[in-house]
Amino acid sequence: MKPLQDSRESIFWAGRSGTQRKKRRRSGLSVLNRILTWSAFPQLQLNGKSMLDVFFTVDVEIWCDGWHSIDQKFPACFQKYIYGPTAKGSFGLPYQLDVLNQHGLSGVFFIEPLFSTRFGEQPLAEIVSLVREAGQEIQLHLHTEWVDESRQPLLPNMHEKRQYLRYFSRDEQATLISEGIGLLERAGAGNIIAFRAGSFGFNRDTLGALDACGIAIDSSYNASMFGPDSGVMSGVTVVEPVECDSVLEYPMTVFNDGTGKLRHTQLTSCSFREMEGLLWQALESGRSSFVILSHGFELLNEAKERPDDVVVRRFQQLCSFLDKNRDVFCTRGFQDLKPHIPKHQPMPLVSPIWKTGARMVEQAYRRKYR
Ligand SMILES: [Zn+2]
């Protein structure tokens, strides 16, 4: 086992600076070679039990509820989307960080920085410091809707709004990703090694652009959205980590809920009972990762004036569950990741139709009190 130990130590992706990233690239150790080293070994074993890597991912972003008068609206929107104050208390990002930390759980916070090219670096630095001080991991999220709102042009001849990263060429994507890394690093975020495209609107060019920017991990593939026509493993529904164009893709966990459609695992779109059942199923079927989606404002109702009690309860139940079952579910980030790449893509997880029905009742209740 000694050679394995050595190779594990040498492959950690988490270069601490741009220079180290470049050195890593020059080393000639391809991502694929590193993965093949790993795939020859079974999942992490602890006390004889397999463990499942659980990525509780939170996309942190700000919107000004339209594109008119955004400079006037921004201060109030920043409060609403980041802190989430309500008459019952605050339910934004600091609340999520607190609950995770109370349970000793790790999450990944994909922070969207392009808004700061319009409103300045301070609000971004404030978000970064909330997550850093909570000891949670920061990675990059990009919403290209901000590109044409920047005070300084980020790309030449950008005069219209383009909603998804996939609408940009590979070189343009690399320019935007590089800008995002710089903004986050200047805001104090440290080393960025993972990425998620806004609204999962990526394509295969994104992976090439990430590689060019020294980012080794992507988590933009969502089989219930743009994944199938992204050009990544065409014809295959990707539900487990895979290497493509020298980047490791960690897809969103999706499931078949018995209605013939795939859903991704997100607090607002599946019940705790569904999530719990899917986590056990993933563990028992030997899956290597489980990627859950949330947002910094996800625990609030649509108007963001009060907590969404159903979703707050789901979040608390999920955290208690992951805390109680930490011997088999390992919540973690992408830093120091030891990837487990399966040789074949399994079928998506399945949740029984009765749980779908129970969730529909919960969702109807949420809509009634929206
Ligand atoms: Zn987003």
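This write-up is about the structure you can find in this document. (Residues numbered from 1 in each chain as written. Predicted model: local features only at pLDDT ≥ 70, side-chain atom pairs only at ≥ 80, totals over all residues.)

Further remarks concern the overall build of the protein. Counting its regular elements, the protein contains 12 helices and 16 strands. A buried classification covers 44% of the 370 residues belonging to the protein. Here the contacts in the protein between residues at least 6 apart in sequence split such that 75% fall between residues at least 24 apart. (Helix = DSSP H or I, 4+ residues; strand = E, 2+ residues; numbered from the N terminus. Buried ≥ 20, exposed ≤ 12 C-beta atoms within 10 Å, placed from the backbone. Contact = placed C-beta atoms within 7 Å.)

All right, on to the environment of K73 then. Counting through the fold element by element, K73 comes out in helix α4 (residues 70-83). K73 gets classed as partly exposed once you count the C-beta atoms within 10 Å, which come to 16. The spatial distance from the C-alpha of K73 to the C-alpha of W63 is 9.5 Å, given a sequence separation of 10 residues. For K73, the contacting residues outside a window of four places in its chain are C64 and D65.

Turning to helix α9 (residues 204-212), a few remarks are in order. Taken together, the buried positions of α9 are D205, T206, L207, A209 and L210. Buried residues along α9 sit in contact with α8 (170-186), β8 (194-197), β9 (217-218), β10 (242-244) and β11 (247-249). Taken from the residues just after α9, G214 is the one with a positive phi, measuring 80°.

On to the environment of A212, then. The residue A212 is located in helix α9 in this model. Along the chain, A212 and S178 lie 34 residues apart, while their C-alpha atoms are 9.1 Å from each other.

Within strand β14 (residues 289-295), 7 of the 7 residues are buried, leaving the element largely enclosed by the surrounding structure. Of the two faces of β14, both are covered, the one formed by S289, V291, L293 and H295 as well as the one formed by F290, I292 and S294.

This paragraph deals with helix α7 (residues 121-133). The first and last C-alpha atoms of α7 sit 18 Å apart over 13 residues, in line with the 18 Å expected at 1.5 Å per residue. Restricting attention to buried positions, one finds in α7 the residues L124, I127, V128, L130 and V131. For α7, the buried positions fall inside an angular range of 155° around the axis, keeping them on one side. In α7, the exposed positions that point more than 90 degrees away from the buried face belong to Q122 and E133. Taken from the residues just after α7, G135 is the one with a positive phi, measuring 75°. (Expected span 1.5 Å × (residues − 1). Arc of directions from axis to C-beta.)

The residue Q102 is located in helix α5 (residues 93-102) in this model. Overall, Q102 belongs to the exposed group, with 12 C-beta atoms counted inside 10 Å. Considered as a pair, Q102 and S320 are 218 residues apart in the sequence and their alpha carbons are 9.7 Å apart.

One can describe the packing of helix α10 (residues 272-284) onto helix α11 (residues 309-324) by two numbers: an axis separation of 10 Å at closest approach and a directional angle of 25°. It follows that α10 is roughly parallel to α11 by the angle criterion. When the axes of α10 and α11 are compared, the crossing they make is right-handed. Every residue of α11 that contacts α10 at F272, M275 and E276 is listed here: R314, Q317, L318 and F321. (Axes fitted to C-alpha atoms, helices over the stretch in contact; angles between N-to-C directions. Parallel < 35°, antiparallel > 145°, perpendicular 65-115°, else oblique. Left-handed = near helix turned anticlockwise from the far one by under 90°.)

This next bit is on unusual backbone geometry. Even without being a glycine, S246 presents a positive backbone phi close to 65°. Mapped onto the fold, S246 is located in the loop between β10 and β11. For S246, a count of 15 C-beta atoms within 10 Å translates into the label partly exposed. You will see that K304, though not glycine, has its phi angle at about 60°, which is positive. In this structure, K304 sits in the loop between β14 and α11.

Pairing in this open sheet of 3 strands is mixed, and the strands run β13-β12-β16 from one edge to the other. The open sheet terminates on both sides in strands that have one partner only, identified here as β13 (262-264) and β16 (349-350). Across 2 bridges, strand β12 (residues 254-256) lies against β16 in parallel orientation. Within β16, the residue paired with N256 across the bridge is V350. (Pairing = 2+ DSSP bridges.)

Right, let's get into the packing of α8 against α9. Across the interface, α8 lies against α9 with an axial gap of 8 Å and an inter-helix angle of 50°. When the axis of α8 is compared with that of α9, the two are oblique. Taken as a pair, α8 and α9 cross one another with a handedness that is right-handed. For the pair formed by α8 and α9, the contact residues are R170, Q173, A174 and I177 on the first element and D205, T206, G208, A209, L210 and A212 on the second. Here the contact of α8 with α9 is composed, by residue class, of 5 nonpolar, 3 polar and 2 charged. (Nonpolar A, V, L, I, M, F, W, Y, C, P; charged D, E, K, R; others polar.)

Before going further, it helps to examine the nonpolar core. Of all hydrophobic cores here, the largest spans 91 residues; its most connected members are V128, I177, L184, I215 and I217. Examining the composition of this core, we find that 6 residues originate from one element, strand β3 (residues 52-60), more than from any other. Excluding anything up to four places from it in sequence, I177 contacts L142, F195, A209, L210, C213 and I215. (Core = buried A, V, L, I, M, F, W, Y, C linked by C-beta atoms within 7 Å.)

Okay, the pairing of β3 next. Burial analysis of β3 places 9 of its 9 residues in the buried class, the great majority of the element. Of the strand pairs in this sheet, β3 and strand β15 (residues 329-331) are connected by 3 bridges, and their pairing is parallel. Paired with V54 across the bridge in β15 is T331. Bridge count between β3 and β14: 7 bridges; the pairing is parallel. In the sheet register, V54 faces β14, and the bridge partner there is F290. Sheet topology places β3 next to strand β6 (residues 107-111); 5 bridges connect them, and they run parallel. Within β6, the position partnered with V60 by the bridge is I111.

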